[in-house]
Amino acid sequence: MPFIRLTQIEKRRVFTLLACLFLAIAAWLFMALNNKYIYTAKTVLVFKNTPTKRAFYPLQSDTVDLQVEGTGWQLIFSRLRISPPSISVSLSQLNTKDFITFSDQLYNVNRQLESTQKVISVKPDTLYFDFTKRTVKKVSIQLVSKLDFINQYGISSDIILNPQYVKVAGPAEELSKITIWPTDTLKLSKIQGSTTVRIGLQHSPQKNVSIYPSSVEVKLPVDEFTEKTIEVPLKIINNKNYNSIKLYPKKIKVTFLVALGNYSQVNDNFITATVDVNEWQDLAHKQFTVKITEFPDYCKLININPSKVDFVVEK
């Protein structure tokens, strides 16, 4: 197949023609992309100004389609990103109605967009809500935590939450299922001293249930722990048919870790050790098993000696 040989002048003419063609296409594309077009952009709704005396539940998705008037450039980039990522919508109309219309809020919606964009309509234009009587309930806050301490350190007393309760507002049917409200997971590592942090509360899975406040202050009392051993007298339970039961020994030694700050305070009054007569009467065991039924939460049990005791029953 023969090649077309061009002279140097002909090559310049071809390159000039191609350059002009490229510039013409670029100029046309630039002008076309600067023109106004109508395109659709999905966005997420963020509700504000919610009714204080009415519990509500949206009957449709929290994602809507915005009919946006913008340039061709924006049309191209709207395929690559959600524009805008979210818009705030006022629910103040719900104080007197069971629905809201976007046509009444287009001005406020447009104020949230780029200056070159303009929302001309929203689909759907009307959002409907299901209403029930709104009640308020106070429930305890439950701390969810993953705490890692440096060796020999730990929680030395009760963790303090401020506040201890959260106010939950919503339909009575939903509130009847709520007994506690958990926090977000508090994650701390290499702890070796008392600390105070603020942690958020978990978001409500129900859109018509709200909480106040949304965060809680957590005070973690932390101290170094040391080992302590004390003698604890044994108590006999479920002795209904026998006048006297003698235990050998009558006391056991309990070894545990206790915070240095509480070392002198913790004694046998804080610990209860029991043996159950039913273990012999019903199960025919020849020794009683020692059980610790009361023990400080801020101490860590290590050992019970002995863990089983002999006994003599006298009728």
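Draft legend 1. Main features of the environment of glutamine 112. Counting through the fold element by element, glutamine 112 comes out in the loop between helix H3 (106–110) and strand S6 (118–123). Of the residues examined, glutamine 112 reaches a relative accessible area of 33% and is grouped as partly exposed. C-alpha of glutamine 112 to C-alpha of serine 86: the two residues are 26 residues apart in sequence and 9.1 Å apart in space. Ignoring anything within four residues of it in the chain, the contact list for glutamine 112 reads Ser86, Ile87 and Ser88.

Draft legend 2. Just the layout of surface pockets, in detail. Approximately 570 Å³ is the volume found for the largest pocket. Forming the walls of the largest pocket are 23 residues, and the residues nearest its centre are Ser204, Gln206, Lys207, Val209 and Ser210. Of all the secondary structure elements, the ones that give two or more residues to the lining of the largest pocket are strand S1 (36–48), strand S2 (54–58) and strand S13 (210–212). It is S1 that contributes the most residues to the lining of the largest pocket, three residues altogether. When the residues that make up the lining of the largest pocket are grouped by side-chain class, the tally is nine nonpolar, ten polar and four charged.

Draft legend 3. Spatial organisation of the side chain of threonine 274. Among the structural elements, threonine 274 can be located in strand S18 (residues 272–276). Its relative accessible area of 7% is what places threonine 274 among the buried residues. Not counting the four nearest positions on each side in its chain, threonine 274 is found in contact with Lys235, Ile237, Thr289, Val290, Lys291 and Thr293.

Draft legend 4. Main features of a nonpolar patch on the surface. Taken together, the side chains of Phe15, Leu18, Leu21 and Ile25 present a nonpolar region at the surface, about 430 Å² in accessible area. We classify isoleucine 25 as partly exposed; its relative accessible area is 48%.

Draft legend 5. Geometry of the sheet that holds strand S19 (residues 288–289). Pairing is antiparallel in the open sheet, where three strands are placed in the order S16-S22-S19. Each edge of the open sheet is held by one strand with a lone partner, namely strand S16 (244–248) and S19. Bridge count for S16 against strand S22 (residues 308–314) is five bridges, and the pairing is antiparallel. Within S22, the position partnered with isoleucine 245 by the bridge is valine 313.

Draft legend 6. Layout of the sheet that holds strand S12 (residues 195–200). Pairing in this open sheet of three strands is antiparallel, and the strands run S9-S14-S12 from one edge to the other. Each edge of the sheet is formed by a strand with only one pairing partner; in this case those strands are strand S9 (160–162) and S12. Adjacent strand axes in the sheet meet at a mean angle of 25° when their direction is disregarded. As paired strands, S9 and strand S14 (residues 215–220) are joined by three bridges and run antiparallel to one another. The partner of leucine 161 across the bridge, within S14, is valine 218.

Draft legend 7. Region of interest: the packing of aromatic side chains. Within this structure, the stated rule accounts for four aromatic pairs. Where phenylalanine 256 meets phenylalanine 295, the ring centres are 5.9 Å apart and the plane angle is 85°; that geometry is what we call edge-to-face. Placement of the pair is phenylalanine 256 in strand S17 (residues 251–259) and phenylalanine 295 in the loop between strand S20 (291–294) and strand S21 (300–305), with a sequence separation of 39 residues. Taking 4.0 Å as the distance between ring centres and 15° as the angle between the ring planes, the aromatic pair formed by phenylalanine 288 and phenylalanine 311 counts as stacked. Taken together, the positions of phenylalanine 288 in strand S19 and phenylalanine 311 in strand S22 put the pair 23 residues apart, joining distant regions of the chain. For the residue pair phenylalanine 288 and phenylalanine 311, the accessibility class agrees, reading buried in each case. When the ring centre of tyrosine 263 is taken as origin, the NZ or CZ atom of lysine 228, which lies over that ring, is 4.6 Å away. Note that lysine 300 overlies the ring of phenylalanine 225, its terminal NZ or CZ placed 5.0 Å from the centroid.

Here is what the cut-offs are and how they apply
- Residues numbered from 1 in each chain as written.
- Predicted model: local features only at pLDDT ≥ 70, side-chain atom pairs only at ≥ 80, totals over all residues.
- Heavy atoms only, no water.
- Helix = DSSP H or I, 4+ residues; strand = E, 2+ residues; numbered from the N terminus.
- Buried < 20%, exposed > 50% of the residue type's maximum accessible area, 1.4 Å probe, protein only.
- Contact = heavy atoms within 4.5 Å.
- 1 Å grid on protein atoms, 1.4 Å probe; cavity = no way out; pocket = protein on both sides within 12 Å on 5 of 7 lines; lining within 4 Å.
- Points joined across faces, edges and corners; volume = space filled by probe spheres on them.
- Nonpolar A, V, L, I, M, F, W, Y, C, P; charged D, E, K, R; others polar.
- Patch = residues over 30% accessible without salt bridge, like charges linked within 9 Å, V, L, I, M, F, W, Y side chains within 5 Å.
- Areas by Shrake-Rupley, 256 points an atom, 1.4 Å probe, with all protein chains shown as cover.
- Salt bridge = Lys/Arg side-chain N within 4 Å of Asp/Glu carboxyl O.
- Pairing = 2+ DSSP bridges.
- Axes fitted to C-alpha atoms, helices over the stretch in contact; angles between N-to-C directions.
- Phe/Tyr/Trp six-rings, centres within 6.5 Å; stacked < 30°, edge-to-face > 60°.
- Lys NZ or Arg CZ within 6 Å of the ring centre and 35° of its normal.

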